[in-house]
Structure formats: C-alpha cells, structure tokens
Amino acid sequence: MKTLSQTPRIRQTPFSERVEEAGVKAYTVYNHMLLPTVFRTPHEDYKHLKSAVQVWDVSVERQVELVGPDAARLIQMTTPRDLSRMQNDQCYYIPNVNQFGGIMNDPVAIRLDDDRYWVSLADSDMLFYYMGLAAGFSLDVEVFEPDVHPLAVQGPLANQLIERVFGQDIVDTRFFRHKTIEFNGQKMIIARSGWSLQGGFEIYMEGWYNGIPLWDTLFEAGKDLDVYAGCPNGIERIEGGMLSYGSDMTMAHTPFDCGLGKFVHFEGAAECLGMEALADADQHAREICPIEIEGPPIGTPARPWRVIGENGTYAGRIASCAHSPDFQANVAIGMIEQDFISPDMNLTVFCEDETEGRACKIVEKFWLR
C-alpha cells in the first residue's frame, strides 16, 4: 500500500499523537488535514459506535469566523436558509450556495454572539469565498480561520461520558444547541451535534495546549464504558442517509436535488446571492434516493458509479455505498433523475472493476431515519 507523504500543507491536530497511539489504520485528506477513517476494521468500528462510545478527532471541521457589524449579513448572503431567528446558543445546518444556486458546502453555523459566528465546514475552501464576498461588498466584518479544533464524543453511551466529565447540565443541552464548559482553566464551546445517528456532542477547543489532557480525561472517565478512539463511519452514515459533500452532492447540485429544499426560504433569506437562481431552478429534476444494490458485499466507489434505466438511458449516479451488517444488504445513496424515481423501476448500476452491471432499486426511505 502506498503511503501519503507528510508535509506542513497537510496539518496535524492537537490530538494526532493520541490518534496514532490508538492504532489508526487509515486516513483521508479533508480540508488539508488528516481525518481518520479506520481504527480496527470498518465493521468493528461500526458495531462499537452503535453499542458504546467513541472519541473522534474531527479537527478537520475547520471554522470560518465572522465577527463584526456585517457578520449576519455576510453569512446570510451564502445560504438560502433564513437565519434571522437564530439565537446565540444555536447551531444551524446551512447549505452554502453560489450565485447559480449550486451547493458549495453544507456546514453547521454556530452563533456565538449577535455579531459573531463560526461556520463549521465540510471539505471545501469556503474561507476564501467568505473573504471574497466581504471584500467585494465592502462589508464591515473580519473573516478568518480561528485556531479551533473540534473533538466529537459519539455513541449511545456518550451522555454518560459527558455527564461524568462536564455534568448533567451539559447532557441536558438540546439538539443543535451549545453551551460553554470549562476544562483545565480553559473555556470551550460544546454542542449537542455530530456526524452520526447515535447521538453525542462536539467540543470546540481553541488552541493546542489542552488537546492531550482533554483526550486523556475522556478516556480515563470512560474506561468502564468501553470508550474507544473512532471516526465517522461510512456504513453508519449511509444507513442514515447522511450526505457527504463532494461525494453525494457537489456544486452541480442545488438544495432541491439533495432533499434540502426545506432550507430554501424565499422570503426570509432574500439576501442570499443564489436566491434568484433557486427561484428559477427545476425543483424536481433529480433527487437524492436510498438505494439497495444486489449481489455480494461491495465497498464505496472511488469515483461515482453510473446508474441506467431499462432502456439504457442515464438514470443517475451513486457516490456512496457500503455493506450493512445489520441489514445484510448493500446500501447506497444515489442522485437519481426524476423519470426514474420509483421503487418499481428496474435500475442497473455499473460498479468500477466489474464487467457487468448489478441490479439495484430505490427503497422507500432511508434505512434508519
């Protein structure tokens, strides 16, 4: 297996030392940093995530900080979701779109104060877009990447671990709300959020000096909970229909294509630069669909797989797939053209390195939602 040459352009995190000691087996590059993808095996990591508690180094979720009188205006320019009612302790999922309505990122916005936000990014260089808009529109706002490194605690036992370290008040935090905690003399933001369906929290640690102490404290407190170093699990997130930017959706897709039409608020988010294009967009051209693929277990695509209909016509693409141990099936997320969206439609997917196509079908709903 080829290895990745480490350079300063691929940044380490405050938790990298402990991630290595925990036996990480594979990484991907995400926002110019290393994101762990496997510790034991994908299936073992998946089963453990669903039964215990894991600590994830997700420092790759880089933040864009917006602070100043025009911070609210700037963030609204990038998203069709109305942010006018957002409170200072809230987190909002916000599709970022360009002037053509294409999705550029799907971050979580965190409102820290009336004129201060963090935008917690998926994998794309949105920092430069925010900077460009601020300069181009002469906005009174500072835009920069703060020295913030998220650490996630995920799994059905996450509440117990967080209660032991930070108290019941933090456990009582509502979904997509955040509170301030203090650890080792340092204040940090902790939100009830995370990229899994198992539930948990994300701790937004500023700076490096508490990285190892925070990691070690969580592991010491969770010994009897079988706490383990983990990472976002491809099988679990596909089962739940959680979309991955750059794979399931790209700049070629609108929020309507991705099942995110509920976040397009034509009246409340009129300042969004893509709103005119979204008003003219075909809201039913294609749609994200849950797919079951027949045949032996298969992994996720290295490049999107073509899906065709009965008459040989292009029907869509699949960019995420995994074999689910719980359902004993190949589950996938597909972007399917409208004419082919039916559970009764006979579809064929052409997987890489396979000479013949596999039968696949749309299922009525995502597996675990």
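Residues numbered from 1 in each chain as written. Predicted model: local features only at pLDDT ≥ 70, side-chain atom pairs only at ≥ 80, totals over all residues. Heavy atoms only, no water.

Draft legend 1. Quick look at the pattern of salt bridges. Enumeration according to the criterion identifies 18 salt bridges in this entry. For D326, the salt bridge identified is with K50, shortest N-O distance 2.8 Å. Of the two residues, D326 sits in the loop between β18 (314–324) and β19 (329–337) while K50 sits in helix α2 (residues 42–51), which places them 276 residues apart along the sequence. A residue is classified by how much of its surface remains accessible, and D326, at 48% relative accessible area, is partly exposed. Classification of K50 by relative accessible area gives partly exposed; the value is 22%. Residue R286 is joined to E337 by a salt bridge in which the shortest nitrogen-to-oxygen separation is 3.2 Å. Of the two residues, R286 sits in strand β16 (residues 286–293) while E337 sits in strand β19, which places them 51 residues apart along the sequence. (Salt bridge = Lys/Arg side-chain N within 4 Å of Asp/Glu carboxyl O. Helix = DSSP H or I, 4+ residues; strand = E, 2+ residues; numbered from the N terminus. Buried < 20%, exposed > 50% of the residue type's maximum accessible area, 1.4 Å probe, protein only.)

Draft legend 2. Up close: the packing of aromatic side chains. Counting across every chain of the model gives five aromatic pairs. The interplanar angle of 40° and the centroid separation of 6.1 Å between the aromatic rings of W118 and Y204 together place this pair among those described as tilted. Within this pair, whereas W118 is found in strand β9 (residues 116–120), its partner Y204 is found in strand β14 (residues 200–206), the two being separated by 86 residues in sequence. Exposure remark for W118: the relative accessible area of 1% places this residue in the buried category. (Phe/Tyr/Trp six-rings, centres within 6.5 Å; stacked < 30°, edge-to-face > 60°.)

Draft legend 3. Up close: the nonpolar core. Of all hydrophobic cores here, the largest spans 34 residues; its most connected members are I103, I110, W118, Y204, M249, C258 and L260. For this core, the secondary structure elements donating two or more residues are β5 (91–93), β8 (108–113), β13 (186–191), α8 (234–239), α9 (275–280) and β19. With residues near it in sequence (within four places) discarded, I110 still touches Q63, M86, Q90, C91, R116, Y117, W118, H178 and Y204. Among the nonpolar cores identified, the runner-up in size contains 30 residues, and L161, I170, M205 and C231 belong to it. (Core = buried A, V, L, I, M, F, W, Y, C linked by side-chain atoms within 4.5 Å. Contact = heavy atoms within 4.5 Å.)

Draft legend 4. Local environment of the environment of D70. One can find D70 in the loop between β4 (63–67) and α3 (71–77). Residues D70 and L49 lie 21 residues apart in sequence; the distance between their C-alpha atoms is 41 Å. Excluding its chain neighbours within four sequence positions, the residues that come into contact with D70 are L139, D140 and V141.

Draft legend 5. The environment of I341, seen in detail. With respect to the helices, strands and loops of the structure, I341 is situated in the loop between β19 and β20 (347–350). Leave out the neighbours within four places in its chain, and I341 touches E287, C289, I336 and I362.

Draft legend 6. Expanded view of the side chain of R62. Looking at the element boundaries, R62 is found in the loop between β3 (53–57) and β4. Reaching out from R62, the side chain makes a polar contact with the backbone oxygen of V148 at a distance of 3.0 Å. (Polar contact = N/O pair within 3.5 Å; in protein donor to acceptor, adjacent residues only side chain to side chain.)

Draft legend 7. Here's a closer look at the sheet that holds strand β15 (residues 227–230). Strands sit in the order β12-β13-β14-β11-β3-β15 across an open sheet of six strands; the sheet is mixed. The open sheet terminates on both sides in strands that have one partner only, identified here as β12 (178–183) and β15. Across the sheet, the mean angle separating the axes of adjacent strands is 25° when strand polarity is ignored. Docked against the sheet, helix α5 (residues 158–166) engages β3, β11 (148–154), β12, β13, β14 and β15, running at close to 40° with respect to β14. Sitting on the sheet, helix α7 (residues 211–221) touches β3, β11, β12, β13, β14 and β15, and the angle it makes with β15 is about 135°. (Pairing = 2+ DSSP bridges. Axes fitted to C-alpha atoms, helices over the stretch in contact; angles between N-to-C directions.)

Draft legend 8. Representation of the pairing of β12. With six bridges connecting them, β12 and β13 associate as antiparallel partners. Note that in β13 the partner of F183 across the bridge is Q186. Counting the residues between successive antiparallel strands, the hairpin from β12 to β13 contains two residues, one of them, N184, with a positive phi of roughly 50°.

Draft legend 9. Spatial organisation of the packing of α5 against α7. Look at α5 against α7: their axes get within 9 Å of each other, and the N-to-C directions meet at 115°. You can see that α5 and α7 cross each other, and the crossing is right-handed. Counting all contacts with α5, which are made through L161, R164, V165 and F166, the residues of α7 involved are L214, T217, L218 and A221. Considered class by class, the residues forming the contact of α5 with α7 number six nonpolar, one polar and one charged. (Left-handed = near helix turned anticlockwise from the far one by under 90°. Nonpolar A, V, L, I, M, F, W, Y, C, P; charged D, E, K, R; others polar.)

Draft legend 10. Representation of unusual backbone geometry within the structure. The phi dihedral of N31 is positive, around 50°, even though this residue is not glycine. Along the chain, the position of N31 falls in the loop between β1 (26–30) and β2 (33–38). A positive phi angle is found at F176, which is not glycine, with a value near 60°. Mapped onto the elements of the fold, F176 is located in the loop between α6 (168–171) and β12. Look at F176 and you get buried, because its relative accessible area is 17%.

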